[in-house]
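For reference, the chains in residue letters:
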Amino acid sequence: MATLKHPSSFVTLVALLVVALFVAPTSSTSRKTLKHHPYPTNGFRVMLRHVDSGKNLTKLERVQHGIKRGKSRLQRLNAMVLAASTAPDSDQLEAPVHAGNGEYLMELAIGTPPVSYPAVLDTGSDLIWTQCKPCTRCYKQPTPIFDPKTSSSFSKVSCDSSLCSALPSSTCSDGCEYLYSYGDYSVTQGVLATETFTFGKSKKKVSVHNIGFGCGEDNEGDGFEQASGLVGLGRGPLSLVSQLHEPRFSYCLTPIDDTKKSVLLLGSSEKVKDAKEEVTTPLLKNPLQPSFYYLSLDGISVGDTRLPIEKSTFAVGNDGSGGVIIDSGTTITYIEQKAFDELKKEFISQTKLPVDENTSTGLDLCFSLPSDSTEVEIPKLVFHFSGGDLELPAENYIIGDSNLGVACLAMGAASGMSIFGNVQQQNILVNHDLQKETISFIPTSCDEL
């Protein structure tokens, strides 16, 4: 079994790999919430499951699947930035581009009576939507398509409503109609409506009335088949967080090869017994990408070496390009190309293992592991945020596989905007305080929350 130690500038990896071979059996979305209220004041929790939960995969294979899914997401994210920075007039954008698919699913129910369905959790977009009858074009989903005619609480949104005005692109015909494009061939199109959404199961549940959502009658594209819709948690007015009028939300992601569920906390601030290592940093804004959560990253250290990266490398440019966002829907962390080159060079310099250039893993840097159980030292990795330094545990950036005999760095290069991915966020309570405009990282065991 792997044992991790933390010397001054290195962590020791003793076959960290056996852990990577454990297979996660099926885990399902659970419940737990508080009281019935139109806008919950005490907050509530929703259990999350990874899209690959229940599959017979190693940790490396899960990361590889996430990277493949993430390629289209990265293209979408970059397309968003490009579209915003090059458009002379935002009104000319007929179908603004949004982030799209993600890596975690939440269970919720829609309508009266409530109909349950799984939705992709996406911190990179705002709109809440699900497929609706009558469907002119719908993809295959795991649950029956929602029929608004069977719900007594369904109501179309008028064209002069504030919800309709919040859409980046809309037309007015039979109510307020929307079109959301996801940068490739994925799109959802339909009418904006309000409904009652229910979170949790059994007696422990909370229902929230008059939530604006997209009732998608024309939907197509890759990346949505594992769910029946999407729940946006971005900073815009249409997101679930904004519509709940809650100033705080948090999530805590268990390791992707863990059998335990992750958790989303809406409107509540979870107390952690030992929060000495808490790092709080300002949330930055990009006027051209108002939905994203931008981080204030100053630099990165490998071991005791601060990488020679200019602070401006991670800053948002005047044209809206660059910057660093935190994203639950991207698997690994991607940083600007020159910064990644420095990080890769320093990792190779400090890691006393041969670089593996033959094994196909989908990751940029892998090391060949010794055939015996020799202890291997790998350098620690620290992200220097404005407000504090976040030192990651080794399992949040090194993925080992004893079958392949490799240990790989779970990071990659970005051509534009940098992204702090979900592997790096494992077993860290991530608190968003939208009132104070800060984000806090609190290392903890997410399965104990």
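Heads up: the structure comes first, above all this text.
Worth saying up front: this structure is predicted, and the values here are computed from it rather than measured. (Residues numbered from 1 in each chain as written. Predicted model: local features only at pLDDT ≥ 70, side-chain atom pairs only at ≥ 80, totals over all residues. Heavy atoms only, no water.)

J.: Looking at this structure, how should I read the pairing of strand E11 (residues 204-220)?
T.: For a regular strand, side chains alternate in direction, first toward one face of the sheet and then toward the other. Bridge analysis of strand E6 (residues 129-131) against E11 gives three bridges, and the strand direction is parallel. Across the sheet, the residue bridging to Gln131 is Gly216, located in E11. Pairing between strand E10 (residues 187-201) and E11: 14 bridges, direction antiparallel. If you follow Lys201 over to E11, its bridge partner there is Lys204. (Pairing = 2+ DSSP bridges. Helix = DSSP H or I, 4+ residues; strand = E, 2+ residues; numbered from the N terminus.)

J.: I keep staring at the state of the cysteines and nothing clicks. Help me out?
T.: The term disulfide refers to a covalent linkage connecting the sulfur atoms of a pair of cysteines. One pass over the structure, following the stated rule, counts six disulfides. Disulfide pairing places Cys135 opposite Cys138 at an S-S distance of 1.5 Å. For Cys135, a relative accessible area of 29% corresponds to the partly exposed category. Using a relative accessible area of 27% as the deciding quantity, one classes Cys138 as partly exposed. (Disulfide = S-S within 2.5 Å. Buried < 20%, exposed > 50% of the residue type's maximum accessible area, 1.4 Å probe, protein only.)

J.: In this structure, what is going on with the side chain of Gln425? I would like to understand it.
T.: Among the secondary structure elements, Gln425 is positioned in the loop between strand E28 (418-420) and strand E29 (428-433). Among the polar contacts made by the side chain of Gln425, one reaches the side chain of Tyr251 at a distance of 2.5 Å. With sequence-adjacent residues up to four places away left out, Gln425 is seen in contact with Tyr251, Leu253, Ile326, Asp327, Asn396, Phe420 and Val430. (Polar contact = N/O pair within 3.5 Å; in protein donor to acceptor, adjacent residues only side chain to side chain. Contact = heavy atoms within 4.5 Å.)

J.: Hey, could you run me through the environment of Lys345 in this one?
T.: Checked against the element boundaries, Lys345 lands in helix H5 (residues 337-350). Looking at Lys345, the relative accessible area reads 51%, which means it is exposed. Along the chain, Lys345 and Leu307 lie 38 residues apart, while their C-alpha atoms are 9.8 Å from each other.

J.: Looking at this model, I keep getting lost on unusual backbone geometry. Mind explaining?
T.: Note on backbone geometry: most residues besides glycine have negative phi, and most peptide bonds are trans. Look at the link from Thr112 to Pro113: it is a cis peptide, with omega at 0°. Mapped onto the fold, Pro113 is located in the loop between strand E4 (104-110) and strand E5 (115-122). Here the bond from Lys133 into Pro134 is cis, since omega is -5°, no more than 30 degrees from zero. Examined against the element boundaries, Pro134 turns out to sit in the loop between E6 and strand E7 (155-156). Of note, Asn427 is a non-glycine position whose phi angle comes to about 55°, a positive value. Along the chain, the position of Asn427 falls in the loop between E28 and E29. Of note in the backbone geometry, Glu437 takes a positive phi value of approximately 60° without being a glycine. Within the fold, Glu437 resides in the loop between E29 and strand E30 (438-443).

Taken by themselves, the reported measurements are silent on function.
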